[in-house]
Amino acid sequence: MIIDAHAHVGHGRFKSLSADDLLRQMDENGVDRAILCPVEEQIVAFNHEGNLFILDQVRRHPQRFLGFAVANPWFGEIAVRELEWALAEGLTGLKLHAVYQGFPMNDAIVYPLVDVAARQHVPVYAHCGSAHFGEPLRLVELARRYPEVTFIMGHSSFSDFWNDLPRCHQYAPNILFETSRNTPGNFQQIGKEIGTDFMVFGSNAPEHYYQVDMPMLREMFPDPTDQEKIFHRNIAHALGEPE
Amino acid sequence: MIIVDAHTHLGNDIYAGQWSTESGDAAADEYARVMRAAGVNKGFMFTMAGLVSDPQPGNDELARGRDRYPDLMLPWGTVDPYWTEAKIRAEMRRCIRELGFYGFKLHPWLQGFSLTVPGMEVVAEECAELGVPVIFHDGTAFYATPLQVAYFARAHPKVTVLSGHGGLAELWADTIQPAKELPNYYIVLNGPVQSGMQKIYDEVGADKLMFGSDGGSFHPSTVTWYLRRARALRAPAADLEKILGLTALRLVGLAPSPEGSQTAAAIS
């Protein structure tokens, strides 16, 4: 079983990929399931439109797709209600993007949304790797406030925050490190200093291609047990799925 | 097809905390093993230890490696822009005229300088005088954004400037306009997201682009992954041949201009 922990579908300013095209790519590369989230405009402003679209894809292909909801914390109570509604309808996590949504990842503005995730026992995916708002240690600050919540650090903070990752794990063991964008050198460090129990495979489709990145991860982690953790077990556990 | 990796480092694994140039021939042997196993014919080779400690021993290590593997290794030196003007000029001239290097690699983040410090004017003057390019780490706030590198290129039109990482995952879009506008600005495709690499190619074309891996000091998959990524570009075979080697060879004078009669294979 292979789960892609982070893929985008829809048509946005930077990313454009239909659900059918993603399914075709999944089939060609042996990816069983993918966690979907919307594209840029829907992450920033049109949250409800994005959540409806993702819910529709999940309902069309319940065996293949899961979905994370988006809610911009600047919308305050509206965002809280949107997240509660989307989770009640069937989405299974929260996606935050501190840069697109315009807030420091550890700012109190996001607490009401994470409160919802904590109450609903769903994971929170956070884009990381951007200077200022998206620094990994900002996510650590948030994760330390919510030790009961599993956070997924987007892109394991690529580009140049690799120095901070062992300390992130040291102070916030409730963070998983998602692989998209990142490089073999950094995976060597994460594998050695943090371990494969905390890595989850993600494509950030359509940014990256399965046929390019999956062989690299298998080269980096040839042990089948490590591959099972990275490609399936760790994210399945975060989603509360049975072993 | 000749394959040139336009961004490699000689040295130990940085994650092991080993920045020494005292590894003797072992680092060069490992570099050659990794590159040849991946099918790479030549590499623009930069120091690792020399970027975080004294540059001169790093430059000397590059020369020793090149002497051991002259067909494979094309060394580029480094200097510290906070040195005295005389020392910067002397070391740059030593690298090119005595050691036979091909250019210079500077890393504003690791070496801790802004591209606007006075020493960088000296570096630019020497690059122009010596007729060699300079490559910068880029893609990282705060001293190494692609726009900072592009404006260094804009300010020094006689110097050939390479974006060493194409802006990495977050800032790659900022490399496109400079590459289209500035004749002296080139991009090594080592770091943009895959869709960003494709966008850069679609907008800029192959004559300004080079394959690069950041390999040598890292896991062998660093090289094979970036080769796989370059080959995944939707581009005609002739353009892939440029990106994978010809553009880099032309940049350092080892291949003819497109109108020339000498073939790349003849100099490999």
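Residues numbered from 1 in each chain as written. Chains lettered and ligands numbered in written order. Predicted model: local features only at pLDDT ≥ 70, side-chain atom pairs only at ≥ 80, totals over all residues.

Enquirer: Can you walk me through the overall build of chain B in this structure?
Expert: From N to C terminus, chain B includes 13 helices and eight strands. A compact globule built from 268 residues would reach a C-alpha radius of gyration of about 18 Å, and chain B, at 17 Å, matches this within 12%. A buried classification covers 54% of the 268 residues belonging to chain B. Taking as baseline every contact in chain B between residues at least 6 positions apart, the subset at least 24 positions apart corresponds to 72%. (Helix = DSSP H or I, 4+ residues; strand = E, 2+ residues; numbered from the N terminus. Rg over C-alpha atoms; globule rule 2.2 N^0.38 Å. Buried ≥ 20, exposed ≤ 12 C-beta atoms within 10 Å, placed from the backbone. Contact = placed C-beta atoms within 7 Å.)

Enquirer: Looking at this model, I keep getting lost on the overall build of chain A. Mind explaining?
Expert: Broken down by element type, chain A carries 11 helices and 11 strands. A compact globule built from 243 residues would reach a C-alpha radius of gyration of about 18 Å, and chain A, at 16 Å, matches this within 12%. On the principal axes, the C-alpha backbone points of chain A span a range of 45 × 40 × 35 Å. Contacts spanning at least 24 positions in sequence make up 75% of the contacts within chain A whose residues lie at least 6 apart.

Enquirer: What is the right way to read the interface of chain B and chain A from this model?
Expert: For an interface, size is often stated in terms of accessible area lost upon the parts coming together. Contacts between the two partners involve 20 residues from chain B, matched on the other side by 22 residues from chain A. Its residues placed into classes, the side of chain B that touches chain A shows nine nonpolar, eight polar and three charged. (Nonpolar A, V, L, I, M, F, W, Y, C, P; charged D, E, K, R; others polar.)

Enquirer: Help me out: how do you make sense of the sheet that holds strand β5 (residues 65-67) of chain A in this one?
Expert: Backbone-to-backbone hydrogen bonds pair the strands of a sheet. The strands run either parallel or antiparallel. All names here are of chain A. Ordered by their spatial adjacency, three strands build an open sheet running β1-β4-β5, and the pairing between neighbours is parallel. Either end of the sheet is taken by a strand with one partner, and the two such strands are β1 (3-8) and β5. Strand-to-strand, the axes of this sheet are offset by a mean angle of 30°, without reference to chain direction. Pairing geometry for β1 and strand β4 (residues 33-37), over four bridges, is parallel. Within β4, the position partnered with I3 by the bridge is R33. Sitting on the sheet, helix α3 (residues 47-60) is in contact with β4 and β5, with an inclination near 155° to β5. (Pairing = 2+ DSSP bridges. Axes fitted to C-alpha atoms, helices over the stretch in contact; angles between N-to-C directions.)

Enquirer: How do you make sense of the confidence of the model for chain B when you look at a structure like this?
Expert: Residues and elements named next belong to chain B. Residues at a pLDDT of 70 or more form 90% of chain B, whose mean pLDDT is 92. Throughout residues 260-268 the model reports pLDDT below 50, and contacts reaching past four residues in sequence, or to other chains, amount to 13 contacts. Scoring the predicted complex yields pTM 0.95 and, for the interface, ipTM 0.96. (pLDDT = per-residue confidence, 0-100.)

Enquirer: Just checking my understanding: could you explain the pairing of strand β7 (residues 185-189) of chain B for this structure?
Expert: Remark: a regular strand shows side chains that alternate across the two faces of the sheet. Residue and element names in this part refer to chain B. Within β7, five of the five residues are buried, which leaves the element mostly enclosed by the surrounding structure. When strand β6 (residues 161-163) meets β7, the two strands line up parallel, connected through three bridges. Counted as the bridge partner of V161 is Y185 from β7. After leaving β7, the chain enters helix α10 (residues 194-204) and then returns to the sheet as strand β8 (residues 209-211), a path that is right-handed. (Right-handed = clockwise from strand over helix to strand, strands pointing away.)

Enquirer: I keep staring at the environment of E178(A) and nothing clicks. Help me out?
Expert: Residue and element names in this part refer to chain A. Relative to the elements of secondary structure, E178 occurs in strand β10 (residues 175-178). Using a count of 28 C-beta atoms within 10 Å as the deciding quantity, one classes E178 as buried. For the pair E178 and I152, spaced 26 residues apart in the sequence, the C-alpha separation amounts to 6.4 Å. If sequence neighbours within four positions are ignored, E178 has contacts with A5, H6, I152, M153, G154, H155, S156, V200 and G202.

Enquirer: Can you help me understand the nonpolar core in this one?
Expert: Buried together is how nonpolar side chains tend to be arranged in soluble globular proteins. Counting residues in each nonpolar core, the largest one holds 157 residues, and the members touching the most others are L94(A), A126(A) and L139(A). Excluding residues within four positions of it along the chain, L94(A) makes contact with F68(A), A69(A), A71(A), L83(A), L113(A), A117(A), V122(A) and V124(A). (Core = buried A, V, L, I, M, F, W, Y, C linked by C-beta atoms within 7 Å.)

Enquirer: Looking at this model, I keep getting lost on helix α4 (residues 77-89) of chain A. Mind explaining?
Expert: Side chains three or four residues apart in an α-helix point the same way, a direct result of the helix having 3.6 residues per turn. Residue and element names in this part refer to chain A. The end-to-end C-alpha distance of α4, which contains 13 residues, comes to 18 Å, matching closely the 18 Å that a straight helix rising 1.5 Å per residue would cover. Residues A79, E82, L83, A86 and L87 constitute the buried set of α4. Down the axis of α4, the buried set is contained in an arc of 125°. They therefore lie on one face. Opposite the packed face of α4, turned more than 90 degrees from it, sit the exposed residues E77 and A88. Among the structural elements, α3, β6 (69-70), β7 (94-96) and α6 (111-120) are those in contact with the buried residues of α4. (Expected span 1.5 Å × (residues − 1). Arc of directions from axis to C-beta.)

Enquirer: Just checking my understanding: could you explain the packing of α4(A) against α6(A) for this structure?
Expert: All names here are of chain A. Where α4 meets α6, the axes come as close as 9 Å, and the angle between the chain directions of the two elements is 25°. The angle between α4 and α6 falls in the class roughly parallel. Remark: the crossing between α4 and α6 carries right-handed chirality. Where α4 approaches α6, its residues A79, V80, L83, E84 and L87 are matched on the opposing element by P112, L113, V116 and Q120. Classifying every residue of the contact of α4 with α6 gives seven nonpolar, one polar and one charged. (Parallel < 35°, antiparallel > 145°, perpendicular 65-115°, else oblique. Left-handed = near helix turned anticlockwise from the far one by under 90°.)

Enquirer: What's the story with the sheet that holds β8(B) in this structure? I'm lost.
Expert: Residue and element names in this part refer to chain B. Strands sit in the order β4-β5-β6-β7-β8 across an open sheet of five strands; the sheet is parallel. What marks the edges here is a single partner per strand, and that holds for β4 (104-106) and β8. Direction aside, neighbouring strands of the sheet carry axes that sit 25° apart on average. Across three bridges, the pairing between strand β5 (residues 134-136) and β6 is parallel. Among the inter-strand pairings, V134 is bridged to a residue of β6, identified as V161. In the packing of α10 onto the sheet, the strands contacted are β7 and β8, and the crossing angle to β7 comes to about 150°.

Enquirer: Looking at this model, I keep getting lost on the environment of L62(B). Mind explaining?
Expert: Residue and element names in this part refer to chain B. Tracing the backbone through its elements, the reader meets L62 in helix α3 (residues 55-68). Counting along the chain gives 14 residues from L62 to M48, while the straight-line C-alpha distance between them is 9.7 Å. In this structure, L62 is in contact with L10, M45, T47, P75 and G77, ignoring residues within four places of it in sequence.

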